[in-house]
Amino acid sequence: MTSKSAASEPGTSKPAPAKRKAGVSAPPKTGATPEELLEYFRAMLLIRRFEEKAGQMYGMGLIGGFCHLYIGQEAVVTGVQAALGENDAIITTYRDHGHMLASGMDPRGVMAELTGRRDGYSRGKGGSMHMFARERNFYGGHGIVGASASLGTGIAFANRYRGNDQVCVTYFGDGAANQGQVFESFNMAALWSLPVVYIIENNQYAMGTAVTRSTAQTKLYKRGEAFGIPGQQTDGMDVVAVRDAARKAIGHCRKKKGPYVLEVLTYRYRGHSMSDPAKYRTREEVNKVRSERDPIDHVRELLIAGGTADEAALKEIDREVKALVTEAADFGQQSPEPDPAELYTDVLMTL
Amino acid sequence: MTEHTLVGAVNLSLAKALEEDETVILFGEDIGVDGGVFRATDGLVDRFGKDRVLDTPLAEGVLAGMSVGLAAEGFRPVPEIQFMGFIYPALEQMISHASRLRNRTRGRLTCPMVLRAPYGGGIHAPEHHSESTEAMFAHIPGLRVVIPSSPRRAYGLLLSAIRDPDPVVFLEPKRIYRAVREDFEDDGEGMPLDSCFIQREGTDITLVSWGAMMHETLAAADQLAEHGTRAEVIDVATLRPLDMDTILASVEKTGRCVIVHEAVRSNGVGAEIAARIGEDGLLSLLAPVGRVGGYDTIMPLARLEGRYMPSTERVVSAARRALEFE
């Protein structure tokens, strides 16, 4: 059992670490190369700009169904993605646009699915919560809270059965961590030593309920202890910390040592969904995290302090990313509506 | 040829599926070492190994949920639920995921799994070991719901269900697990999942049923025959999708119809069949469509079970009412 805490809370219950200072002569220490930091910066910025656009389009009535934005949590999926092997599988919840973009799915196809159009990843039948990309080993967002745990355990079973060394990273949130199927999954994964990393994205709130108001043991990385599953907690606002913790977790599974629980402390800036005014927390709380712990600002500061890039170069990256997102947004609005005949397709293979 | 019981046919069919396709995996509580509570998987762990015939914890929800994940990965999991009354934790997985995976992914991922469960009363068990709640699944687009009524059909329909590219809920009428024996070859022949079977041809009235109730229905047809009435008997076998063409063609011929099922009558599958006959076959009808079903109550314990289960007499009397209607 190697449970240990390696992070402070990015929320409010513990003080945030000292503000990082930019412009000092010695570059700050990080385990990542300048090239890697640039890559993470771009990947996180793509998610943020995409989500900002999606929020805007939702407000304009261009996106139907629900829409759960990932803004604030970008370092989690970006860090984990950097630790994944080529054939490792990914499955997640309904706050899933970031996971799709990180796994390499085309922003145009993701946006066209949000707008419910024919060129969307599920051709307008899945929407925000239900997109899949087999070619990227991305097994979907899932709208049911806790669903990814048991489905991801099944995918891990498939890999163990085949005898390969592929790992399934299975994301869910602090809310889902209280679902029964998560514990059932833990038991089976431990019993059969399945290669699955359960990544608990603890963004502090299950919809509007703070983790401290819903959860008896708030150290969620300890959730596997009863099953003998090792766990670790990491700072989800620091992409390199996430990557390093994910490497350790994935390495554990790849060595056929069974499942692993990785709790990532993060924070969502927006409401649970677009229709959530977020009255359960103060504006000050959100602003404090945004100004002191923002994962993208953190990498921006590292890049500048390390002399890897200046403000102008980073602005240029932002322009490129915005262009990609604008293209995706246009694509999502121009793609044709689904054919009404689609109502009856893909129900069974043959009816 | 060898004689097989229905549960023996299930065993044979599972063995054939395991033999012909290495992506087939069986899961369930007590199905391995113990061979299943009804012995449906007897001996399979010895033949196919514990990597393919797995004893699982008592956790139906994750059993079905893992199967969806496995099926998405190209496997053909066949989880067993010990009794239908324990299937409800799996309902969430079947409805929210299994039935929708193809639609959600536009066919990129499919869910070729078969959720097996013994169902129905007649073995003097408590209520959640005896109920028939097939209508819950039959209500869900994206699922197939299949119920065999004989050993040969259990063998053929189960093989087809496992080979089918979509999720199937396969309900086994445990009352007749060992009640009848049938001769057939272990030839790997499947049976169609999209058609009813005309069990007996007739001209005067159509009796529609499935599962164990086929036996009371056929006995009722025998009694009617003694008085010169020739009943056509249909085994629906696949409740979803429903082969109404066969039923409507029969009603067009006979003009009268009684539907028989063990499940509670209200909102049962019989209601759907009766409504569809009303919609598409009204002018063929010479009498209102009759329904014989379980009463609108919780499945009773053993001493009252006989009062609950539709009897041959109730089927005969419903048929007489339809025949005498003017």
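Residues numbered from 1 in each chain as written. Chains lettered and ligands numbered in written order. Predicted model: local features only at pLDDT ≥ 70, side-chain atom pairs only at ≥ 80, totals over all residues. Heavy atoms only, no water.

Residues and elements named next belong to chain A. Counted according to the given criterion, the structure contains 15 aromatic pairs over all chains. Here F157 and W192 contribute two aromatic rings whose centre-to-centre distance is 5.5 Å and whose plane-to-plane angle is 70°, an arrangement assigned as edge-to-face. Separated by 35 residues along the polypeptide, F157 in helix 5 (residues 147-162) and W192 in the loop between helix 6 (180-191) and strand 4 (196-202) bring together distant segments of the chain. The class for F157 is buried, based on a relative accessible area of 0%. Ring geometry for F186 versus F227: centroids 5.9 Å apart, planes at 80°, classification edge-to-face. (Phe/Tyr/Trp six-rings, centres within 6.5 Å; stacked < 30°, edge-to-face > 60°. Helix = DSSP H or I, 4+ residues; strand = E, 2+ residues; numbered from the N terminus. Buried < 20%, exposed > 50% of the residue type's maximum accessible area, 1.4 Å probe, protein only.)

With that settled, consider the side chain of A:T153. For A:T153, the location among the structural elements is in helix 5. At 2.5 Å, the side chain of A:T153 and the backbone oxygen of A:A149 are in polar contact. When neighbours within four sequence positions are excluded, A:T153 is seen to be in contact with A:S148, A:S185, A:A189, A:L194, A:Y198 and B:M66. (Polar contact = N/O pair within 3.5 Å; in protein donor to acceptor, adjacent residues only side chain to side chain. Contact = heavy atoms within 4.5 Å.)

Quick look at the environment of B:Y119 now. All names here are of chain B. Within the secondary structure layout, Y119 lies in strand 5 (residues 114-119). Relative accessible area serves as the criterion here: at 5%, Y119 is assigned to the buried category. Residues Y119 and F48, 71 residues apart in the sequence, show an inter-C-alpha distance of 26 Å. In contact with Y119, other than residues within four places in its own chain, are M84, E131, S132, E134, I147, L171, E172, P173, K174, W210 and G211.

Bringing the pattern of salt bridges into the picture now. Two side chains bearing opposite charge may form a pair once their charged atoms approach each other closely. All names here are of chain B. As enumerated under the stated definition, the model contains 36 salt bridges over all chains in all. For R153, the salt bridge goes to D235, with nearest N and O atoms at 2.9 Å. Of this pair, R153 sits in helix 7 (residues 151-163) while D235 sits in strand 11 (residues 231-235), and the two are 82 residues apart along the sequence. The same class applies to R153 and to D235, which are both buried. (Salt bridge = Lys/Arg side-chain N within 4 Å of Asp/Glu carboxyl O.)

All names here are of chain B. One can read the domain layout of chain B as domain 1 (2-184) and domain 2 (197-324). In this structure, domain 1 and domain 2 have C-alpha centres spaced 26 Å apart. With 33 residues of domain 1 at the contact, the number on the domain 2 side is 27 residues. For the pairing of domain 1 and domain 2, the buried interface totals around 2,200 Å² over both sides, and the portion due to carbon and sulfur atoms is 55%. In this structure, the connection of domain 1 to domain 2 is made through three salt bridges. Run the count over domain 1 and domain 2 and you get 14 residue pairs in polar contact (both at pLDDT 80 or more). Mapped by element, the contributors of at least two residues to the side of domain 1 that touches domain 2 are helix 6 (134-138), strand 6 (144-146) and helix 7. Among the elements that line the side of domain 1 that touches domain 2, the one with the most residues is helix 6, at four residues. Its residues assigned to classes, the side of domain 1 that touches domain 2 comprises 18 nonpolar, nine polar and six charged. (Domains from an automatic or database assignment. Buried area = accessible area lost by both parts, 1.4 Å probe. Nonpolar A, V, L, I, M, F, W, Y, C, P; charged D, E, K, R; others polar.)

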